[in-house]
Amino acid sequence: MELEFVKLHGLGNDFVFANDLDESIDLTKDQVAWLCDRHFGIGGDGVILVRPAKAEGCDAYMHYINSDGTLAQMCGNGVRCFAKYLVDEGIVEATGHLVAETLAGPRSIDYAVDESGKLVEATVMMGEPILTPASVPTNLSATATTGFGVDFVKDCAVDSPWGPFVFTCVSMGNPHAVTFIEDFSTLPDELFSDPADKRLETLVLDKIGAFFESHAAFPQKTNVEFAVVGPDAIAMRVFERGCGETLACGTGACATSVAACLTGRAGCENDVALRGGVLHIRWDDDAKVYMTGTATEAFRGIVALPDQPRR
Ligand SMILES: N[C@@H](CCC[C@H](N)C(=O)O)C(=O)O
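So, how was this worked out
- Residues numbered from 1 in each chain as written.
- Predicted model: local features only at pLDDT ≥ 70, side-chain atom pairs only at ≥ 80, totals over all residues.
- Domains from an automatic or database assignment.
- Nonpolar A, V, L, I, M, F, W, Y, C, P; charged D, E, K, R; others polar.
- Near = placed C-beta within 6 Å.
- Helix = DSSP H or I, 4+ residues; strand = E, 2+ residues; numbered from the N terminus.
- Buried ≥ 20, exposed ≤ 12 C-beta atoms within 10 Å, placed from the backbone.
- Contact = placed C-beta atoms within 7 Å.

A few words now on the domain arrangement of the protein. By domain assignment, the protein separates into domain 1 (2–127 + 294–304) and domain 2 (133–287). The straight-line distance from the C-alpha centre of domain 1 to that of domain 2 is 25 Å. In the side of domain 1 that touches domain 2, the residues fall into six nonpolar, 13 polar and two charged.

Following this line, the structure appears as structure tokens:
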């Protein structure tokens, strides 16, 4: 089978896009893994199929698949790229506004185009953060109540082979566990690529991220954010559920900004600096979170998709 694709990224969080408006594409887990493989396939953190919207008022449905073949409810960088795909491919009229249907619900998007009419930047209404532990979901018990009366998991210690890490849990349609690290010197040497230089950039996320991603405290697994609040921005690295460390995570940036606000570490409007660039996140008075960032096309092509890919 031949698949016509466009590879798009939001701050280096990259996706293989295909037009599935006729709903004819049915990828196996192995085919998704092969498409996302950076050596044997195209390379990406996930695959996004553009399908017809079912919900009223939505322009198209974003079918998001992690590189390990699992579905996710929402993808923040992906949804900006989704808007770019719809606009640049002429699937919607470039009015500056569209609505994406996702498993987490409709997401309305305002966007700007360049002189050739291609989408360059978008602001996405990411919905209200979900904080009630059972809905995140997490088995951890609530340790605090928000100013608007919702019980949530605030700075709750979870044990690991490297000592306890303290998490605040937020769902942006998909689950996130955010840990703010104040003192890297207290963490064991084996967690750093250079133990003489302990900081966020030298933290090795693979083992620790995978440990918490699949921890029993998170029944649907979780995305794990490691963050440091600075004077101008929140620096954050992420280990994503279903794909490992990525250069950026839009829902993770939203969850981190919300967690920083809820725990009194920052205000409710923040720049979040990820490995791949900066996202601007605003938790507004209407209770919704707004995310602004770029969307970029890397390349496009046609690939012969093996029926039974071998890697
Ligand atoms: N990279 C994404 C999130 C993708 C889904 C995530 N891995 C999950 O399984 O929840 C983003 O930009 O939000």
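So that's the structure; there's more coming.
Take the site of the ligand next. If you check the shell around the ligand, you find 18 residues, and the closest are A72, G76, N174, G250 and T251. Contributing elements (two or more residues each) for the shell around the ligand: α2 (76–88) and α4 (250–262). Looking at side-chain class alone, the shell around the ligand contains four nonpolar, twelve polar and two charged residues. Counting contributing residues per domain, the shell around the ligand is built from domain 1 (2–127 + 294–304) and domain 2 (133–287), each supplying no fewer than three.

For the rest of this paragraph, the subject is unusual backbone geometry. A cis geometry characterises the amide bond from V136 onward to P137, with omega recorded as -5°. The phi dihedral of L11 falls on the positive side, at around 55°, and the residue is not glycine. Within the fold, L11 resides in the loop between β1 (2–10) and β2 (13–19). Although it is not a glycine, D155 adopts a positive phi angle of roughly 45°. Assignment of secondary structure puts D155 in the loop between β9 (151–152) and β10 (156–158). On the basis of neighbour count, D155 is assigned to the partly exposed category, with 16 C-beta atoms found within 10 Å.

What follows is about the environment of V272. Tracing the chain through its elements places V272 in strand β16 (residues 269–274). The class for V272 is buried, based on 28 C-beta atoms found within 10 Å. A C-alpha to C-alpha distance of 8.4 Å links V272 and C254, two positions 18 residues apart in sequence. Discounting chain neighbours no more than four positions away, the residues touching V272 are A233, I234, M236, A253, T256, S257, V278, L279 and I281.

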